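Observations on chain architecture
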Amino acid sequence: MLLAITLLVLMSSVSFDDIAGQTFSIYIISIAGAESVIGLSILVAYYRLRGAFISGFLGRFVGTTGAQILTCACLFSFEGDQVYFTDWNFLITGANYFVLFVGWEGIGVVSYLLINFWFTRIQANKAAILAFNTNRIGDMALSIAYFVMLPAFGSADFSTVFSLPAYINQTTITIIGFLLLVGAMAKSSQIPLHNWLPGSMEGPTPVSALIHAATLVTAGSYLLIRSSPLLEYAPTVLLVITIIGASTAFFAATCGLVQNDIKRIIAFSTISQLGYMVMAIGLSQYNVALAHTLFHAYFKALLFLGAGSVIHAFGDIQDVRKMGGLINFLPFTYAVMLVGTLSLLATPFLTGFYSKDLIIELAYGQYSFSGTYAYILGSVTAGLTAFYSFRLISLVFLTKPNGNKQNYLNSHEASITVIIPLAVLAIFSIFFGYVTSDLFVGIGSDFFANTIFIHPNNISLVEAEFSMNFIFKLLPTIFSLAGTLFALYLYNYNPHFIDSLVENNLGLQFGYNISKEIDRGVIELIGPY
Amino acid sequence: MAGSAGGLGFTPHFAGFTHRFVGKALGATMWFWMMYRAKQDGPVLLGWRHPWDHHGDDHHDEHH
């Protein structure tokens, strides 16, 4: 119901004939900030859907009744998910950096606790500690940013801090911006602070879907978007943000190509998409970054929950090399994962298309070196994303069965409590982008009022939309199509090609040269021994 | 548990009608939506038409 109210507010805020809509929009936008409403809508949507998923997912471990009791306990007491819900609310609705920091720390703590759900498992312990320690690095940088901000501005209040950047020494703004960036890098899993996210897949899949796909990992980009009035007066920081974001997107996509755990593939995909969001922030397109945050949340959560359904159906197997041929056993799960995958690839007219392709176009539309760097990496990453996404689809659903016969005999689709969230997310992954893209990224849209500030020097939406050669606009889509077709060909019609890469001496010799002679060799040349 | 007595044969539990139907419905909805939007906005995406060029349907307004 809260989601319905939130969506009603969003829709009514653009209905200029409706005085109720105008009142709602003034109240919400002036007090809570449009980003907060979006953050709330993400969280409420996922919280309700995920609660339904958990009942079905955890039912195996604690019994259906136990799972319902646990879920209800979390709803009504301040434990687990409810703490996360509360902390996330603090983060997105706080009116100053300190309240934001309370929520920031809180979600880190809850992330640690939830990754450690199976606390007797050593790998889960290690992953939880890694996640929390990496987040602490970001928290430290964020604290130091406050230590610089308070003397400079005299306040940590958003309304004060965002009014004054034009009158403050640019070096000070740049230092604050860099420190905020380090904080965001840890939370949003940018290189080199990305290691914790693949490890966090040790937690239950609903935790991965909510925290490590949709909400916690977007807290960093949310911080940067909220700080847009500050960052716009620090062009050096924006340049570094663009390069880090583009590099993260490309690097994570290359890592995702060679993962064998189904959740790790999607985790690296998340890191890659977070790179896109941060890249958009560096290009000063904060509204597009926020749109991608929201749209990505839907299809990535869909992919995670679908992966959870596959894992649950297949006897807790997570290795895609031991799956195969599940399309006949899990037709519904296949359908929703295909929807999520195509949306992730920014297939024209699905949800992902309206944000992801726009980010890549905006990169080129800057007509700067960093923008072109981001465009090239973003386009190549789109092709790599298509490849590993359809590698996952092929190995799990389409290829000949590679798993244990007993797993196929026991495989089953999930219950109605899992079907409903998956179906809802699939509907959003199809339609939501078209319905709301004009609201977020349309030319002349004033949805964000003055909560987002884009310096007039950095406005490039019109150039990106209307001045680009069409081959550059279509290149990411062409790369995606090529990656898709190559993956489908390689894994369904010519699987021996992959084997031949390691069976002959060429691949192994190349790997030997890289690790033994270049990596170790350089260290032995210039190192201490 | 699936499987016949004595461990012979392969008799898994395939998905029921509801799962298959909803899966097909979602897939069909997705493809239909993509084709529909491609018909409406495809020429703009491919650069054959500007976004502000009017559709042929707008000429019906002249009859009001």
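Look up: the structure comes first, before these words.
Scope of this entry: the structure provided in the associated data block. All of these numbers come straight from a predicted model, not from anything done at the bench.

Next up on the list: the overall build of chain B. Counting its regular elements, chain B contains 1 helix and 0 strands. When burial is assessed residue by residue, chain B has 20% of its 64 residues classed as buried.

Time to look at the environment of N116 of chain A. Residue and element names in this part refer to chain A. As for its placement among the helices and strands, N116 is situated in the loop between α6 (97-115) and α7 (122-153). For the pair N116 and S467, spaced 351 residues apart in sequence, the C-alpha to C-alpha distance is 50 Å. Beyond its immediate sequence surroundings of up to four residues, N116 is in contact with A124, N125 and A128.

Right, let's get into the pattern of salt bridges. Proximity of charged atoms lets side chains of opposite charge pair with each other. Enumeration according to the criterion identifies 5 salt bridges over all chains in this entry. One salt bridge connects R121 of chain A with E202 of chain A, and the closest N-O pair in it is separated by 2.7 Å. On the criterion of sequence distance, the pair formed by R121 of chain A in the loop between α6 and α7 and E202 of chain A in the loop between α10 (196-199) and α11 (205-210) is long-range, its members being 81 residues apart. A residue is classified by how much of its surface remains accessible, and R121 of chain A, at 42% relative accessible area, is partly exposed. Here R37 of chain B and D41 of chain B are joined by a salt bridge, their closest N and O atoms 3.1 Å apart. With R37 of chain B and D41 of chain B both in helix α1 (residues 17-45) and 4 residues apart, this pair spans about one turn of that helix. With relative accessibility at 6%, the residue R37 of chain B sits in the buried group. Judged by relative accessible area, D41 of chain B falls into the partly exposed class, the value being 23%. Three or more residues are tied together by salt bridges with common partners; here these are E105, R136 and D139 of chain A.

Turning our eyes to something else, we now look at unusual backbone geometry. Residues and elements named next belong to chain A. A cis amide bond links I191 with the next residue in sequence, P192, at an omega value of 0 degrees. Within the secondary structure layout, P192 lies in the loop between α9 (170-187) and α10. Of note, S284 is a non-glycine position whose phi angle comes to about 70 degrees, a positive value. On the secondary structure map, S284 appears in the loop between α15 (262-282) and α16 (286-313). Its identity is not glycine, yet F349 carries a phi of approximately 80 degrees, on the positive side.

Our next topic: α16 of chain A. One turn of the α-helix equals 3.6 residues, which is why residues spaced by three or four share an orientation. Residue and element names in this part refer to chain A. The end-to-end C-alpha distance of α16, which contains 28 residues, comes to 40 Å, matching closely the 40 Å that a straight helix rising 1.5 Å per residue would cover. Maximum bend of α16: about 25 degrees, positioned at A297. With respect to burial, α16 is a largely interior element, 28 of its 28 residues being buried. Of the residues trailing α16, G315 is marked for its positive phi of about 70 degrees.

Rules and cut-offs
- Residues numbered from 1 in each chain as written.
- Chains lettered and ligands numbered in written order.
- Predicted model: local features only at pLDDT ≥ 70, side-chain atom pairs only at ≥ 80, totals over all residues.
- Heavy atoms only, no water.
- Helix = DSSP H or I, 4+ residues; strand = E, 2+ residues; numbered from the N terminus.
- Buried < 20%, exposed > 50% of the residue type's maximum accessible area, 1.4 Å probe, protein only.
- Contact = heavy atoms within 4.5 Å.
- Salt bridge = Lys/Arg side-chain N within 4 Å of Asp/Glu carboxyl O.
- Expected span 1.5 Å × (residues − 1).
- Bend = angle between axes of the 7 residues up to and from the residue.

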